[in-house]
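Examination of the molecular architecture
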Amino acid sequence: MPAHQSARRTTAQSRPQPVPGLSGIPMRDLLASCAAAAAVSTPPRAPEPRPCEPAKDHREAA
């Protein structure tokens, strides 16, 4: 095998192979799907407690 063919084979083998099923999906769509999943799976916030109103004029017992 000539040296230039061996060099091509080594270069082709050192490249990362695409993951099956994920090729062709834009990063924007992946990020949007993660944000949507987080929004759906996060429970709603608990209502904030209402501040207590001070008691009005307190009447004295007779």
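The preceding data block contains the structure.
Residues numbered from 1 in each chain as written. Predicted model: local features only at pLDDT ≥ 70, side-chain atom pairs only at ≥ 80, totals over all residues. Heavy atoms only, no water.

What to know about the overall build of the protein
As a reminder of what qualifies: Going along the chain from the N terminus, every DSSP run of H or I of four or more residues is numbered as a helix, and every run of E of two or more is numbered as a strand. A 1.4 Å probe rolled over the protein chains alone gives each residue an accessible area, and that area as a share of the maximum for its type sets the label: buried under 20%, exposed over 50%, partly exposed in between. In short, Shrake-Rupley with a 1.4 Å probe defines the accessible areas, and a residue's cover is counted only from the protein chains shown.
Check the secondary structure of the protein and you find 2 helices and 0 strands. Each of the 62 residues in the protein was classed as buried or not, and the buried ones make up 0%. Put simply, the protein shows about 6,600 Å² of open surface, and 60% of that area lies on carbon and sulfur atoms.

Re the pattern of salt bridges
Where charged atoms from two side chains of opposite charge come close, those side chains can pair. Basically, it comes down to this: Any Lys or Arg side-chain nitrogen located within 4 Å of an Asp or Glu carboxyl oxygen qualifies as a salt bridge.
Throughout the structure, instances matching the rule amount to 2 salt bridges. Arg28 serves as the salt-bridge partner of Asp29, at 3.8 Å between the closest nitrogen and oxygen. A relative accessible area of 64% places Arg28 in the exposed class. Residue Arg45 pairs with Glu48 through a salt bridge whose shortest N-O separation is 3.3 Å. Residue class for Arg45 comes out exposed when judged on its relative accessible area of 70%.

Quick notes on the environment of Arg45
Definition in use: Polar contacts, as used here, are pairs of N or O atoms within 3.5 Å; protein pairs need one atom able to donate a hydrogen and one able to accept it. Residues neighboring in sequence count only if both atoms are side-chain atoms.
You can see Arg45 is positioned in the segment after helix H2 (27-41). Of the polar contacts made by the side chain of Arg45, one reaches the side chain of Glu48; its length is 3.3 Å.

Observations regarding a nonpolar patch on the surface
Selection rule: Each patch is built from residues lacking any salt bridge and having more than 30% relative accessible area; the joining distance is 9 Å for like charges and 5 Å for nonpolar side chains (Val, Leu, Ile, Met, Phe, Trp, Tyr).
A surface patch of nonpolar side chains, amounting to about 370 Å² of accessible area, comprises Ile25, Met27, Leu30 and Leu31. Looking at the element boundaries, Leu30 is found in helix H2. For Leu30, a relative accessible area of 31% puts it in the partly exposed group.

Function-wise, these values are silent; they only describe arrangement.
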